[in-house]
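The lines below spell out each chain.
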Amino acid sequence: MGIHVLDIDRALTMAKILGLDLIGIDSNNSVRIKPLENIILRMDKKYPIADYYPHLIVADNIKLLDGKTDLFVIDPFQKKDTIKRKSKRGLGIEISIVSTKKLDGSMTGKWIKEVKSIYEFCKSNHCQFILSSGATSINEMVSARTFDSILKFMGISPKNYWKEISEWLYSKDKARWIHAKS
């Protein structure tokens, strides 16, 4: 899950091209990179580099979901009962679009239905719904227009969606950039 300096340079270049203010990258123990305001690290637990970067603690296994978790990555087809019991107010629940590229039409319809139900769950339980491209390369990225179309298709206002994510990120103290520790 570590990231190399070259990968950060590539991520920053992609962020500039796409006009993104903040980017999230996976990194658990890279110490060769310099703190930058527009990077939020995604970590499975707090590592020493977290002292120098804004970060979110991310889990993708329900057994690892605890009070320190900021973001929980789920497959919409997994059982939601456990998530309902273990989620807490302010938890981000992320669903990736990348997996839908392999689904047939019927399964894509079911995926959309499940994502809508997770969105409703998030709204009623004060969790942050996050739809991500899930891209691990530039070839897997989803255009902004397509992304907004997917949100609209699910009955989610793109304008409200982006506003809510910005507010949620700002509310996460450890994701807010203050200064690097000496």
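Analysis parameters
- What you see as residue numbers is a count from 1 along each chain, following the sequence as written.
- Totals for whole chains, interfaces and linings use all residues, but because this is a predicted model, local features are given only for residues with pLDDT of at least 70 and pairs of side-chain atoms are given and counted only at 80 or more.
- Only hydrogens and water are set aside; all other atoms, that is, all heavy atoms of the structure, feed into the side-chain values.
- Numbered from the N terminus, helices here are DSSP runs of H or I no shorter than four residues, and strands are runs of E no shorter than two.
- Any pair of residues with heavy atoms lying within 4.5 Å of one another is described as a contacting pair.
- Note on aromatic contacts: the rings of Phe and Tyr and the six-membered ring of Trp form a pair at centre separations within 6.5 Å, being stacked when their planes are under 30 degrees apart, edge-to-face when over 60 apart, and tilted otherwise.
- Per-residue accessibility, obtained with a 1.4 Å probe over protein chains only, is compared with the maximum for each type, and a residue is labelled buried under 20%, exposed over 50%, and partly exposed between these values.

Draft legend 1. Local environment of the environment of Lys80. Inspection of the secondary structure puts Lys80 in the loop between strand E4 (71-74) and helix H2 (81-86). Measuring from C-alpha to C-alpha, the distance between Lys80 and Ile118 comes to 8.3 Å, with 38 residues separating the pair along the chain. Beyond its immediate sequence surroundings of up to four residues, Lys80 is in contact with Glu114, Ser117 and Ile118.

Draft legend 2. Spotlight on the packing of aromatic side chains. Taken as a whole, this structure holds five aromatic pairs when the rule is applied. Taking 6.4 Å as the distance between ring centres and 70 degrees as the angle between the ring planes, the aromatic pair formed by Phe129 and Tyr161 counts as edge-to-face. One end of the pair, Phe129, is in strand E6 (residues 128-132); the other, Tyr161, is in helix H5 (residues 158-171), with 32 residues separating them in the sequence. Pair check on accessibility: Phe129 and Tyr161 agree, each one buried. Ring geometry for Tyr161 and Trp162: centres 4.9 Å apart, planes at 80 degrees, overall edge-to-face. Three or more aromatic residues joined by ring pairs form one cluster here, namely Tyr119, Phe129, Phe147, Tyr161 and Trp162.

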